[in-house]
Amino acid sequence: MDKNIPYKIYLSEDELPKQWYNVRADMKIKPAPLLDPATGKPVTLDQMSGIFCRELAKQEFDNDTPYIDIPAEILDFYKMYRPAPLVRAYFLEKALGTPAKIYYKFEGNNTSGSHKLNSAIAQAYYAKKQGLKGVTTETGAGQWGTALSMACSYFGLDCKVYMVKVSYEQKPFRREVMRTYGADVTPSPSDTTEVGRKILAEFPGTTGSLGCAISEAVETAVNTEGYRYVLGSVLSQVLLHQSIIGLETMAACDKYGIKPDIIIGCAGGGSNLGGLISPFMGRKLRGEADYRFIAVEPSSCPSLTRGKYAYDFCDTGKVCPLQKMYTLGSGFIPSANHAGGLRYHGMSAVLSEQYDEGLMEARSVEQTSVFEAATQFARIEGTLPAPESSHAIRVAIDEALKCKETGEEKTILFGLTGTGYFDMVAYQKYNDGVMMDYIPTDDELAKSFAKLPKI
Ligand SMILES: *Cc1c(COP(=O)(O)O)cnc(C)c1O
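Residues numbered from 1 in each chain as written. Predicted model: local features only at pLDDT ≥ 70, side-chain atom pairs only at ≥ 80, totals over all residues. Heavy atoms only, no water.

Trainee: Give me the lowdown on the sheet that holds strand E15 (residues 411-416), citing residues and values where you can.
Mentor: Reading across the sheet, the seven strands line up as E1-E4-E5-E15-E10-E11-E14 and stay open at both edges, with mixed pairing between neighbours. Pairing within the sheet leaves two strands with one partner each, and these edge strands are strand E1 (8-9) and strand E14 (361-365). Each of strand E5 (101-106), E14 and E15 is contacted by helix H15 (residues 367-381), which is oriented at about 95° to E14, the strand it contacts most. (Pairing = 2+ DSSP bridges. Helix = DSSP H or I, 4+ residues; strand = E, 2+ residues; numbered from the N terminus. Contact = heavy atoms within 4.5 Å. Axes fitted to C-alpha atoms, helices over the stretch in contact; angles between N-to-C directions.)

Written out as structure tokens, the structure reads:
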């Protein structure tokens, strides 16, 4: 081990970032504006404020302010579980026999078990400050719902979570963590909303999807006095809050002279990847440094690698504004896979634009090879990774093996977004040798693209 660099780098309390970084300020081409599906015109701040908290709606529209102060109450909460360590994967390097240096930023050190708490606490704070009574949201795999439940209980807000039915049934412990933190959890689709009843009538016995749960949560927020809707990924405000990951990582790298060549993250809606890479992307955009960025997605839900860059709905019920993004179509329901947090049809508008400009690469990987990497990582590095995070591990290992062939001593950095304790059904399938790989056919995708809104 290197004597000059700690095995795990923790910043001290006064080295922690005090501002979030908004990468949009440094982008020459800004993400396209959100559109009102009824008129085709850009959504106004007042319209957005009917669904989202006002301050968060403002952050959504802010393409110009590079640094935004993190309120003191949020900084205090961050101290409960941050800084997150930047770890050198010495044991993995040795096992692979690679000359590459591998680092990972670990975001699983809190009860919710993922990076989602970084934005949950910010969104709960702005809801509280606005004097709201509560918030609604959806959760797929359960990590976002858990994070938001923790954040809401901290600020004394009500929290109504629509949980995709298949997860509600398969992940009873996630559900109970949410209820322990005081959240009200409803399996989606449900008969508590108009859109839920409509979906149930059309598809009886459906086990739900993230897109359906979003529609239900939005409907409830709009119809309940003193409530707003909050979303755990995709939106530019979420990437802003998650920039804390990249800012800490960059401060740690700069302090010890670490210069990553390749930065890798898994991509569902894009919040952890966007959060990790944003400050580095800022340097790249300003011409101060160069990095390769790689987004990793499941082959079963390949929005960047096989999607279209087009305006689309963010939800199945088509109640949310239209966003220009890489998408598989809002009607696309990815086949069952075990990285629930990566099963979303679209991608952050910020990352979509960066990808479209060739500033970032993308790769899709099959889930059996992801679990192979997850198991290898768990056995060698100790931490049991979340299936989502393991997509990044897969590509980090692949890149390190390429270095072994070429003899290049590259520095590889990846985001380890969470732990996999609630994903043991998936690990069980892998261990029993019954895990399957699903890849949508071109035909299936073409059918879904045909239903994209004509804008
Ligand atoms: C939700 C989640 C993801 C994917 O979401 P992004 O918004 O793309 O970051 C990745 N890893 C974990 C552990 C998650 O909970």
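Further notes follow.
Trainee: Describe the pairing of strand E11 (residues 292-298), and please don't skip the residues or the numbers.
Mentor: The buried count for E11 comes to six of seven residues, which makes it a mostly enclosed element. When strand E10 (residues 262-266) meets E11, the two strands line up parallel, connected through five bridges. Pairing of Ile264 across the sheet is with Ile294, part of E11. Following the backbone out of E10, through helix H12 (residues 271-285) and into the adjacent parallel E11, one traces a crossover that is right-handed. Pairing between E11 and E14: five bridges, direction parallel. Among the inter-strand pairings, Ile294 is bridged to a residue of E14, identified as Glu361. (Buried < 20%, exposed > 50% of the residue type's maximum accessible area, 1.4 Å probe, protein only. Right-handed = clockwise from strand over helix to strand, strands pointing away.)

Trainee: I'd like to hear about the site of the ligand, residue by residue, with values.
Mentor: Among the 18 residues in the neighbourhood of the ligand, the closest are listed as Lys116, Ser233, Gly268, Ser271 and Asn272. Lys116 is positioned such that a nitrogen or oxygen atom in its side chain is 2.6 Å from an oxygen atom of the ligand. Within the side chain of Ser271, an N or O atom sits 2.7 Å from an oxygen atom of the ligand. When the ligand sits alone it has 380 Å² of accessible area, and the protein chains cover 98% of it. (Near = heavy atom within 4 Å. Polar contact = N/O pair within 3.5 Å; in protein donor to acceptor, adjacent residues only side chain to side chain. Areas by Shrake-Rupley, 256 points an atom, 1.4 Å probe, with all protein chains shown as cover.)

Trainee: Describe in detail the layout of surface pockets, supporting the description with residues and values.
Mentor: Approximately 400 Å³ is the volume attributed to the second largest pocket. Of all the elements in the fold, those that place two or more residues in the lining of the second largest pocket are helix H9 (194-202) and helix H10 (210-223). Here the lining of the second largest pocket takes five residues from H9, the largest share from any one element. The residues that make up the lining of the second largest pocket include at least three from each of domain 1 (8-15 + 83-113 + 236-449) and domain 2 (19-69 + 115-229). (1 Å grid on protein atoms, 1.4 Å probe; cavity = no way out; pocket = protein on both sides within 12 Å on 5 of 7 lines; lining within 4 Å. Points joined across faces, edges and corners; volume = space filled by probe spheres on them. Domains from an automatic or database assignment.)

Trainee: I'd like to hear about empty space enclosed by the protein, residue by residue, with values.
Mentor: Applying the stated criterion across every chain, the model contains six cavities of 30 Å³ or more. If you add up the space inside the largest cavity, you get close to 410 Å³. Together, 34 residues line the largest cavity, and Lys116, Ser233, Gly269, Gly341 and Leu342 are the ones closest to its centre. Of all the elements in the fold, those that place two or more residues in the lining of the largest cavity are strand E6 (134-139), helix H6 (143-155), H10 and H12. Partitioned by chemical class, the residues of the lining of the largest cavity number eleven nonpolar, 19 polar and four charged. There is about 90 Å³ of room inside the second largest cavity. Taken together, Leu34, Met48, Ile51, Phe52, Val218, Tyr229, Leu231, Leu235, Cys314, Cys320, Pro321 and Gln323 make up the full set of residues lining the second largest cavity. The residue inventory of the lining of the second largest cavity, partitioned by class, reads eleven nonpolar, one polar and no charged. Built from parts of two domains, the lining of the second largest cavity gets at least three residues from each of domain 1 (8-15 + 83-113 + 236-449) and domain 2 (19-69 + 115-229). (Nonpolar A, V, L, I, M, F, W, Y, C, P; charged D, E, K, R; others polar.)

Trainee: Describe the side chain of Arg24, naming the residues involved and giving the relevant values.
Mentor: Relative to the helices and strands, Arg24 resides in the loop between strand E2 (19-21) and helix H1 (45-49). As a buried residue without a salt bridge, Arg24 has its nearest oppositely charged side chain in Glu60, at a separation of 5.4 Å. There is a polar contact of 3.2 Å between the side chain of Arg24 and the backbone oxygen of Asp62. Setting aside anything within four residues of it in sequence, one finds Arg24 in contact with Lys30, Pro31, Gln59, Glu60, Phe61, Asp62, Asn63, Ser236 and Val350. (Lys, Arg positive; Asp, Glu negative; His and termini not counted. Salt bridge = Lys/Arg side-chain N within 4 Å of Asp/Glu carboxyl O.)

Trainee: Pulling in residues and values, what's your account of the domain arrangement of the protein chain?
Mentor: What the domain assignment lists for the protein chain is domain 1 (8-15 + 83-113 + 236-449) and domain 2 (19-69 + 115-229). Measuring from the centre of the C-alpha atoms in domain 1 to the corresponding centre in domain 2 gives 22 Å. If you look at the interface, domain 1 gives 49 residues, while domain 2 gives 50 residues. Taken as a group, Gln237, His241 and Phe422 account for 16% of the area that domain 1 buries against domain 2, more than any other trio of residues on that side. Between domain 1 and domain 2 we count two salt bridges in total. Its salt-bridge partner being Arg286, residue Asp26 comes within 2.9 Å of it at the nearest N-O pair. For the pair domain 1 and domain 2, the interface holds 18 residue pairs in polar contact (both at pLDDT 80 or more). The set of elements that each furnish at least two residues to the side of domain 1 that touches domain 2 consists of helix H11 (236-256), H12, strand E12 (308-313), strand E13 (322-327) and helix H14 (349-356). (Buried area = accessible area lost by both parts, 1.4 Å probe.)

Trainee: A description of unusual backbone geometry should follow, citing residues and the corresponding values.
Mentor: The omega torsion of the bond from Arg82 to Pro83 falls at 0°, within 30 degrees of zero and hence cis. Cis geometry is adopted by the peptide bond preceding Pro189, which originates at Ser188 and carries an omega value of 5°. Looking at the element boundaries, Pro189 is found in the loop between strand E8 (184-188) and H9. A positive phi angle, near 65°, is found at Val234, a position not held by glycine. Mapped onto the fold, Val234 is located in the loop between strand E9 (227-229) and H11. The exposure class of Val234 is buried, given its relative accessible area of 4%.

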